[in-house]
Amino acid sequence: MSSLLTALAVLVASCVALHWHSFRTTRSKLDAIPTVGSDTYILSYFSALKYLISGQKMIEAGYKRYKGGLFKVPTFETASGWLVVAAGQGVSDEIRKASEDYFDAEQAVIDLLRMDHTFGEETCRAETYHIGVTRKQLTKNIETLFPEVFDELKTSFNDHLPQTEGRNEVFLKLQEGFTTQIFLAATALSLLPEALRPLMGRLLSRVPHATKVLKDMIGPTLQERIDKDDELGKDWEGRPNDLISWLLESAPEKQRTVDDLITRIMFSEFGALHTTTITITDALFNLAIRREYIEPLRAEVEEVIAQHGWSREATNKMAKLDSFMKESSRLSGLNSVYLFRRVKKDFTFSSGVTVPAGNTVGCASHAAQYDSSLYENSGEFDGFRFSKAGADANSTKSMTSPDNKFFLFGSGRHMCPGRYFAVAEIKSMLAYLLINYDFRLPDDSKTIPEGQWFSSQRSAHTTAKIQLRKRRL
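Just so you know, these numbers come straight off a predicted model, no measurement behind them.

Asker: Please provide a residue-by-residue account of the overall build of the chain, values included.
Answerer: Counting secondary structure elements, the chain contains 16 helices and eleven strands. For the chain, buried positions account for 49% of its 473 residues. The contacts of the chain with a sequence gap of at least 6 include a subset with a gap of at least 24, amounting to 73%. Roughly 23000 Å² of accessible area belongs to the chain as shown, and the carbon and sulfur atoms make up 55% of that amount.

Asker: Before we move on, could you go through the environment of Thr 118 and cite the residues and values that matter?
Answerer: Here Thr 118 lies in helix α5 (residues 115-125). Residue contacts for Thr 118: discarding those within four places in its chain leaves Leu 113, Ile 182, Ala 185, Ala 186, Leu 189, Ser 205 and Val 207. Separated by 3.1 Å, the side chain of Thr 118 and the backbone oxygen of Leu 113 make a polar contact.

Asker: Describe the packing of aromatic side chains, with residues and values.
Answerer: Taken as a whole, this structure holds 16 aromatic pairs when the rule is applied. Pairing Phe 150 with Tyr 432 gives two aromatic rings, centres 6.0 Å apart and planes at 70°, and the pair type is edge-to-face. With Phe 150 in helix α7 (residues 142-160) and Tyr 432 in helix α16 (residues 419-436), this residue pair connects regions lying 282 residues apart in the sequence. In this structure, Phe 150 and Tyr 432 share a single accessibility class: buried. Among the aromatic residues, those joined into a cluster by ring pairs are Tyr 102, Phe 103, Phe 347 and Phe 349.

Asker: Can you explain the pattern of salt bridges? Please cite residues and give values.
Answerer: This model, assessed by the stated rule, comprises 23 salt bridges. Across the pair Arg 291 and Asp 444 runs a salt bridge, and its minimum N-O distance is 2.3 Å. Separated by 153 residues along the polypeptide, Arg 291 in the loop between α12 (258-289) and α13 (294-308) and Asp 444 in the loop between β8 (437-440) and β9 (452-454) bring together distant segments of the chain. A cluster of three or more residues bridged by salt bridges with shared partners is formed by Asp 229, Arg 239 and Glu 249.

Asker: Quick rundown of the side chain of Thr 275? Include the residues and the values.
Answerer: Along the chain, Thr 275 turns up in helix α12. A relative accessible area of 12% places Thr 275 in the buried class. Setting aside anything within four residues of it in sequence, one finds Thr 275 in contact with Leu 334 and Phe 409.

Asker: Could you give an account of the packing of α12 against α16, with specific residues and numbers?
Answerer: In the contact formed by α12 and α16, the axes pass within 10 Å of each other and the chain directions differ by 35°. Both α12 and α16 take part in a crossing whose hand is right-handed. Residue-level contacts link Thr 276, Thr 279, Ile 280, Ala 283, Leu 284 and Leu 287 of α12 to Ala 422, Glu 425, Ile 426, Met 429, Leu 430, Leu 433 and Leu 434 of α16.

Asker: An account of the nonpolar core is requested, with residue identities and associated values reported.
Answerer: Counting 78 residues, the largest nonpolar core has Leu 287, Leu 321 and Leu 430 as its most contacted members. Per element, the largest residue contribution to this core is nine residues, and it comes from α16. Setting aside anything within four residues of it in sequence, one finds Leu 430 in contact with Ile 280, Ala 283, Leu 284, Leu 287, Leu 321 and Met 325. Listed in part, the 30 residues of the second largest apolar core include Leu 113, Phe 178, Leu 214 and Ile 244.

Asker: Go over the confidence of the model for the chain, please, and point to the residues and values.
Answerer: Per-residue pLDDT for the chain has a mean of 87; in total, 89% of the residues score no lower than 70. Low pLDDT, under 50, characterises residues 390-395; the stretch is placed with eleven contacts to residues that sit more than four places away or in other chains.

Asker: If you had to explain the sheet that holds strand β2 (residues 82-86) to someone new, which residues and values would you point to?
Answerer: Across the sheet, five strands lie side by side as β1-β2-β7-β4-β3; this open sheet has mixed pairing. Pairing within the sheet leaves two strands with one partner each, and these edge strands are β1 (70-74) and β3 (103-104). Bridge count between strand β4 (residues 337-343) and strand β7 (residues 360-364): four bridges; the pairing is antiparallel. Bridge pairing links Arg 341 to Val 361 in β7. In the packing of helix α3 (residues 89-97) onto the sheet, contacts are made with β1, β2, β3, β4 and β7, and the angle to β7 comes to roughly 130°. Along the sheet, helix α4 (residues 105-112) contacts β3 and β4; its crossing angle with β4, the most-contacted strand, is approximately 105°.

Asker: With reference to specific residues and values, describe a nonpolar patch on the surface.
Answerer: Among the surface-exposed residues, Ile 42, Leu 43, Phe 46, Leu 49 and Leu 191 lie close enough to one another that they form a single nonpolar patch of about 490 Å² accessible area. The topology assignment puts Ile 42 in the loop between α1 (2-28) and α2 (43-66). Here Ile 42 falls in the exposed class, since its relative accessible area comes to 52%.

Asker: Describe α4, and please don't skip the residues or the numbers.
Answerer: Taken across its eight residues, α4 has six buried, putting it largely inside the fold. The N-cap residue of α4 is Asp 104: its side-chain oxygen and the backbone nitrogen of Glu 106 are 3.1 Å apart. Phi turns positive one or two residues past the end of α4, at Arg 114, with a value near 50°.

Asker: Can you break down helix α10 (residues 207-232) residue by residue, with the values?
Answerer: Here α10 contains 26 residues, and its C-alpha end-to-end distance of 33 Å is more than 12% below the 38 Å for a straight helix at 1.5 Å per residue. Of all the residues in α10, the buried ones are Val 207, Ala 210, Thr 211, Val 213, Leu 214, Gly 219, Leu 222, Arg 225, Ile 226 and Asp 229. Two residues or fewer past α10, Gly 233 is found with a positive phi of approximately 85°.

Asker: Tell me what's going on with the side chain of Ser 398, and back it up with residues and numbers.
Answerer: Along the polypeptide, Ser 398 turns up in the loop between β7 and α16. The class of Ser 398 is buried, set by a relative accessible area of 1%. Reaching out from Ser 398, the side chain makes a polar contact with the side chain of Ser 401 at a distance of 2.7 Å.

Reading the values: the criteria
- Numbering of residues begins from 1 in every chain and follows the order in which that chain's sequence is written.
- Since the coordinates come from a predicted model, pLDDT governs what is reported: local features require at least 70, and pairs of side-chain atoms require 80 or more to be given and counted, while whole-chain, interface and lining totals use all residues.
- Derived side-chain values reflect all non-hydrogen atoms in the structure, with water molecules and hydrogen atoms excluded from consideration.
- What counts as a helix is a DSSP run of H or I of at least four residues, what counts as a strand is a run of E of at least two, and both are numbered from the N terminus.
- Only protein chains enter the calculation, and the probe is 1.4 Å; a residue is then buried if its accessible area is under 20% of its type maximum, exposed if over 50%, and partly exposed in between.
- Two residues qualify as a contact provided that any one of their heavy atoms is within 4.5 Å of a heavy atom in the partner residue.
- Per-residue accessibility takes into account occlusion by the displayed protein chains alone, with areas from the Shrake-Rupley method and a 1.4 Å probe.
- Polar contacts, as used here, are pairs of N or O atoms within 3.5 Å; protein pairs need one atom able to donate a hydrogen and one able to accept it. Residues neighboring in sequence count only if both atoms are side-chain atoms.
- Ring pairs are drawn from Phe, Tyr and Trp, using the six-membered ring of Trp, whenever the two centres fall within 6.5 Å, and their geometry is named by plane angle: stacked under 30 degrees, edge-to-face over 60, tilted for the rest.
- A pair is scored as a salt bridge if a Lys or Arg side-chain nitrogen falls within 4 Å of a carboxyl oxygen belonging to Asp or Glu.
- Note on method: axes are straight lines fitted to C-alpha atoms, helices fitted across the in-contact stretch only, with angles between N-to-C directions ranging 0 to 180 degrees.
- Each crossing gets its handedness from the near helix: less than a right angle anticlockwise from the far helix is left-handed, clockwise is right-handed.
- For this analysis, a nonpolar core means a set of buried residues of the types Ala, Val, Leu, Ile, Met, Phe, Trp, Tyr and Cys, connected via side-chain atoms within 4.5 Å.
- In predicted models, pLDDT denotes the confidence assigned by the predictor to each residue on a 0 to 100 scale.
- Whether two strands pair comes down to DSSP finding at least two bridges between them.
- For patches, a residue must show more than 30% relative accessible area and have no salt bridge; joins then use 9 Å for like charges and 5 Å for nonpolar side chains, namely Val, Leu, Ile, Met, Phe, Trp and Tyr.
- One less than the number of residues in a helix, times 1.5 Å, gives the span that helix is expected to have.

Structure below.
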């Protein structure tokens, strides 16, 4: 018995020694970069736990202290255990403009969501052709599909205000909970030793369950569409102009399967729901307490709809609503860090500081949106900040345009591919609400419920309520 205990003690001591050595080796290569939190072996783990709870505050502190340079925070979310953050526009631009020989965006997301364990190694290494489908086919077909989108929008409002049974409650609930389940599973896995993650990933991941439910629900339809394309080609009469067709047009031959199509659909929903729900919720909260904006926005919407009907062209003309949404997102946002990138080979910044391969970098976003050097009166809400020059949806100030001072949709080559559809969708919902409803916070409160932060990610308040009633004309 004593010999067994001795052997176990030696094994544990050896593991700790190896881990300490790995920690020291990794940290020593980042010694030139200041730390927010502790960088000692034991205390850094407490700082990493603090980052889970107060990551936004740590990033904000680092931005103020090291603006114009880099800092690092200990975290469980990256492969190296460190996140190197660029604080300021200049140093962020160096990451944004760098060659893809240096930075890997996909691998950073795989690390963040522990996708090798939540989705499976094979899935996360497969070709991500759904991104191209979103960027090209979805964007190109917004105008064509807008009547169907608007019909779904009206049906949703009628179904849920007041709430009744919707179109397919099983499908809706699956999609609503999927994003949260992935984030929770990824966080739990990040806290575990690497050796335990494969086993615990299979136990914690809800992806197999979601895949099975969707396969039972839409699998026969997907197989029918695959078979029909194989038999008749891709131009058969009556072929639907929808996501399934677009995916089949772009899928590599070995990925033209029901299982892979379901995975691509889940990925597409995963990327869309999170951004859309938080953005519209933030905008509604701002409208509810800033009622001086309701009449001018309502007037714009009514005028545009009278001229163009409910259409993509109409949403493009809603410059004031676009500005209001953008300002709401500027001050609320989705995260405290954007442009997550895994370093593929050593990258040296203009300051001379080198971040070695294997580490993860990102850029401070939420703190930058309050930077007075980027925005005049940066801490104040100005709903028409971006429309004062008569900007429309095609201007450089619109919500979808590349803007290295606005970070909701990322920046650079990997800017959100679905942003045009998302903004058209959110505008349509807000426009419909403005025309048809009056709304306020309970007790006519003038205080917006604060969002909830977890690590670097933010969600709108999940239990806050807003009161709506049919507009009295």
